[in-house]
Amino acid sequence: MFGAFRPTQANLVGLLWKTPWKLSPTRKANARARLKKVDAVIEAVRASGVECAALNKALELPKEHEMPARDKYTVFSRYERGYRKGIHKVPKWTRITQRTNPLGF
């Protein structure tokens, strides 16, 4: 406890979440598959004939094959250098849509 290797505050603190700085190829493939599944659900609802404001808003979003890779894997962030950050850094990124970004970014 009072020796050369006593625990200090700096030694007791570590990274809680070790998030990699870029997406692995497997996680990219999973993200693309997730986007395709969402596109399929939107298309199925559209084909059923139901009309609502949420469906109209969803139909305006770009489909997975229309999106550039930059928009699939990164999102706009005004605090990051280059104004883009990896989509996996966004909280709950698998549950919210991040298909649109500000113009020019």
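Remember, it's a predicted structure, so these values are computed and weren't measured experimentally.

Quick look at the confidence of the model for the protein
Item 1. On average, residues of the protein score 88 in pLDDT, and 85% of them are at 70 or above.
Item 2. Here helix H1 (residues 9–12) stands out as the element of the protein with the lowest mean pLDDT, 58, in contrast to helix H2 (residues 25–48), whose mean of 96 is the highest.

Focus: the nonpolar core
Proteins that are soluble and globular tend to have nonpolar side chains buried together.
Item 1. Ranked by size, the top nonpolar core spans seven residues in total: Leu 23, Ala 31, Tyr 73, Val 75, Ile 87, Val 90 and Trp 93.
Item 2. In contact with Val 90, other than residues within four places in its own chain, are Val 75, Lys 85, Ile 96 and Gln 98.

Some points on unusual backbone geometry
Item 1. Of note, Tyr 83 is a non-glycine position whose phi angle comes to about 60°, a positive value.
Item 2. Of the residues examined, Tyr 83 reaches a relative accessible area of 40% and is grouped as partly exposed.
Item 3. Its identity is not glycine, yet Lys 92 carries a phi of approximately 55°, on the positive side.
Item 4. Tracing the chain through its elements places Lys 92 in the segment after strand E2 (84–86).

Concerning H2
Item 1. End to end, H2 covers 35 Å across 24 residues, agreeing with the expected 34 Å (1.5 Å per residue, within 8%).
Item 2. Among the residues of H2, Ala 31, Leu 35, Asp 39 and Ile 42 are the ones counted as buried.
Item 3. The positive-phi residue at the C-terminal boundary of H2 is Gly 49, with phi of around 95°.

A short note on the packing of H2 against helix H3 (residues 53–60)
Item 1. Remark: H2 packs on H3, axes separated minimally by 10 Å, with the N-to-C direction vectors making an angle of 130°. Here H2 is positioned oblique relative to H3, judged by the angle of their axes. By crossing handedness, the relation of H2 to H3 is classed as left-handed. Packed against H2, whose contacting residues are Ile 42, Val 45 and Arg 46, the element H3 presents Leu 55, Ala 58 and Leu 59 at the interface.
Item 2. Looking at the contact of H2 with H3 residue by residue, the classes come out as five nonpolar, no polar and one charged.

Re empty space enclosed by the protein
Item 1. Here the structure, examined in full by the defined rule, presents one cavity of 30 Å³ or more.
Item 2. By volume, the largest cavity is sized at about 40 Å³.
Item 3. Asp 39, Ile 42, Ala 58, Leu 59, Leu 61, Pro 62, Lys 63 and Arg 99 together form the lining of the largest cavity.
Item 4. Sorting the residues of the lining of the largest cavity by element identifies H2 and H3 as the ones contributing at least two each.
Item 5. Grouping the amino acids of the lining of the largest cavity by side-chain chemistry returns five nonpolar, no polar and three charged.

Some points on the layout of surface pockets
Item 1. In this model, the largest pocket occupies a volume close to 290 Å³.
Item 2. Taken together, 17 residues form the lining of the largest pocket, with Leu 35, Trp 93, Ile 96, Thr 97 and Gln 98 sitting closest to its centre.
Item 3. For the lining of the largest pocket, the secondary structure elements donating two or more residues are H2 and helix H4 (69–73).
Item 4. Per element, the largest residue contribution to the lining of the largest pocket is five residues, and it comes from H2.
Item 5. Here the residues of the lining of the largest pocket sort into nine nonpolar, three polar and five charged.

About the cut-offs
- Residues numbered from 1 in each chain as written.
- Predicted model: local features only at pLDDT ≥ 70, side-chain atom pairs only at ≥ 80, totals over all residues.
- Heavy atoms only, no water.
- pLDDT = per-residue confidence, 0-100.
- Helix = DSSP H or I, 4+ residues; strand = E, 2+ residues; numbered from the N terminus.
- Core = buried A, V, L, I, M, F, W, Y, C linked by side-chain atoms within 4.5 Å.
- Buried < 20%, exposed > 50% of the residue type's maximum accessible area, 1.4 Å probe, protein only.
- Contact = heavy atoms within 4.5 Å.
- Expected span 1.5 Å × (residues − 1).
- Axes fitted to C-alpha atoms, helices over the stretch in contact; angles between N-to-C directions.
- Parallel < 35°, antiparallel > 145°, perpendicular 65-115°, else oblique.
- Left-handed = near helix turned anticlockwise from the far one by under 90°.
- Nonpolar A, V, L, I, M, F, W, Y, C, P; charged D, E, K, R; others polar.
- 1 Å grid on protein atoms, 1.4 Å probe; cavity = no way out; pocket = protein on both sides within 12 Å on 5 of 7 lines; lining within 4 Å.
- Points joined across faces, edges and corners; volume = space filled by probe spheres on them.

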